[in-house]
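The lines below spell out each chain.
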Amino acid sequence: MAWKPDPLSSLGRWPPPPQQLDPEHTGFIGADTFTGLVHSHELPLDPAKLDMLVALAQSNERGQVCYQELVDLISSKRSSSFKRAIANGQRALPRDGLLDEPGLGVYKRFVRYVAYEILPREVDRHWYFYRHRSCPPPVFMASVTLAQIIVFLCYGARLNKWVLQTYHPEYMKSPLVYHPGHRARAWRFLTYMFMHVGLEQLGFNALLQLMIGVPLEMVHGLLRISLLYLAGVLAGSLTVSITDMRAPVVGGSGGVYALCSAHLANVVMNWAGMRCPYKLLRMVLALVCMSSEVGRAVWLRFSPPLPASGPQPSFMAHLAGAVVGVSMGLTILRSYEERLQDQCGWWVVLLAYGTFLLFAIFWNIFAYDLLGAHIPPPP
């Protein structure tokens, strides 16, 4: 094959020019040749990338490294062939685990904790641990949680009510709440996530967003986790508009349940590889807490403890968020450092979600009038 000039090689940076690594122009590098260059070069690779290249060589029948995979790895890309090697177990994992790393600071210990909490494979944990940078920080989940707390404090002080705020006659007048009488105000299908029934719902959602959402964002990045969270929020309000047409919606439970159900499903599907402590006990506790929150929402919807001027917020957003998490979320979490657009399953999930969005839009435009739905007057 014909080699193209490598602009990095002229600067003395990695990777070295192909003529030095592969004088016969086969496209592959012998493991012995590469190892010698690694030890003699003035800019050695970090341990994670070296482990990856050794794994690539061991997954090859002839013990060779593809030059293009070397280039991709140096530029912090992970090829599909390497991911297949991981999936098929055709490489030797590093013998020393991250738990044995001595002399780590507080933040690096937290990064190691996140790696073992989220990632199921030791080679992925090594890759994340050595590549992680503190900038940019996981700002999305922290910002959403902070905004929810600020909004709750403002309405709590204004209404002088901190528990079961939805029973206050002024609460539903907020421009953030989704109400079936205000369906034309499309922003409400998302902004309802900043409003909460009371301190108990806000506390539950904020705790899960920080304990699960922040580590997920640290590993998988702002774009993917924000997409998953907002997809759960939007699916929650749209599902309520279809299945519980008279009910309003408040709270970020759709997004929270998307994150939690995706993480729990990922843990179950990679049970043997997950190294988080007490994982069975924590799984049971998470399911009990999530089920209790859904049960509480059902109780408030159909048997409100206090007289209310209209229907109470629906619980269907919780279930819709869980469905989004198990489908879209699981696809995202199982694709660590992979390009989603290269996967057939990702496009299937997007097609299903897009079809649901189109159906929900037409339902909100036409179904209420065709079915003669009696919705409560908007506040």
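Residues numbered from 1 in each chain as written. Predicted model: local features only at pLDDT ≥ 70, side-chain atom pairs only at ≥ 80, totals over all residues. Heavy atoms only, no water.

1. Quick notes on empty space enclosed by the protein
Note the cut-off: Throughout, the protein atoms alone are placed on a 1 Å grid, and a set of points is a cavity if a 1.4 Å probe fits but cannot get out or a pocket if it is open with protein on both sides within 12 Å along at least five of seven lines; lining residues have an atom within 4 Å of a point. Grid points are joined across faces, edges and corners, and a volume is the space filled by probe spheres set on the points. A helix here means a DSSP run of H or I that spans at least four residues, while a strand means a run of E at least two residues long, and both kinds are numbered starting from the N terminus. Polarity classes work like this: nonpolar for Ala, Val, Leu, Ile, Met, Phe, Trp, Tyr, Cys and Pro, charged for Asp, Glu, Lys and Arg, and polar for all others, with Gly in that last group.
The tally for this structure, following the rule as stated, stands at 1 cavity of 30 Å³ or more. Going through the elements one at a time, α13 (279-302) and α14 (316-333) are the ones with two or more residues in the lining of the largest cavity. Broken down by element, the residue count for the lining of the largest cavity peaks at 4 residues, all from α13. Grouping the amino acids of the lining of the largest cavity by side-chain chemistry returns 7 nonpolar, 6 polar and 2 charged.

2. Notes on the UniProt feature "active site" (unreviewed entry) in the protein
Here is the rule we go by: UniProt positions are given in the numbering used here, feature names are shortened, and annotations may be inferred rather than shown by experiment. Contacts: residue pairs with any heavy atoms within 4.5 Å of one another.
Here, UniProt's "active site" (unreviewed entry) annotation points to S253 and H318. These residues run over 66 residues, yet every pair of their C-alpha atoms falls within 5.5 Å of each other. Lining the largest cavity, from the set of annotated residues above, are S253 and H318. With residues up to four places along the chain from it excluded, the contact list for S253 reads Q201, N205, E293 and H318.

3. Regarding the environment of V163
Our working rule: Each residue is placed in one exposure class: buried if its accessible area under a 1.4 Å probe, protein chains only, is under 20% of its type's maximum, exposed if it is over 50%, and partly exposed if it falls in between.
Tracing the sequence through the fold places V163 in the loop between α8 (139-159) and α9 (188-191). Residue classification places V163 among the partly exposed positions, given a relative accessible area of 46%. Sequence spacing of V163 and V197 is 34 residues, and the spatial spacing of their C-alpha atoms is 7.0 Å. Once you skip the residues sitting within four places of it in the chain, V163 turns out to touch V197, G198 and E200.

4. Brief notes about unusual backbone geometry
Glycine aside, the phi torsion of most residues is negative, and most peptide linkages are trans. Positive phi outside glycine occurs at N160, with the angle close to 55°. Tracing the sequence through the fold places N160 in the loop between α8 and α9. Judged by its relative accessible area of 65%, N160 falls in the exposed class.

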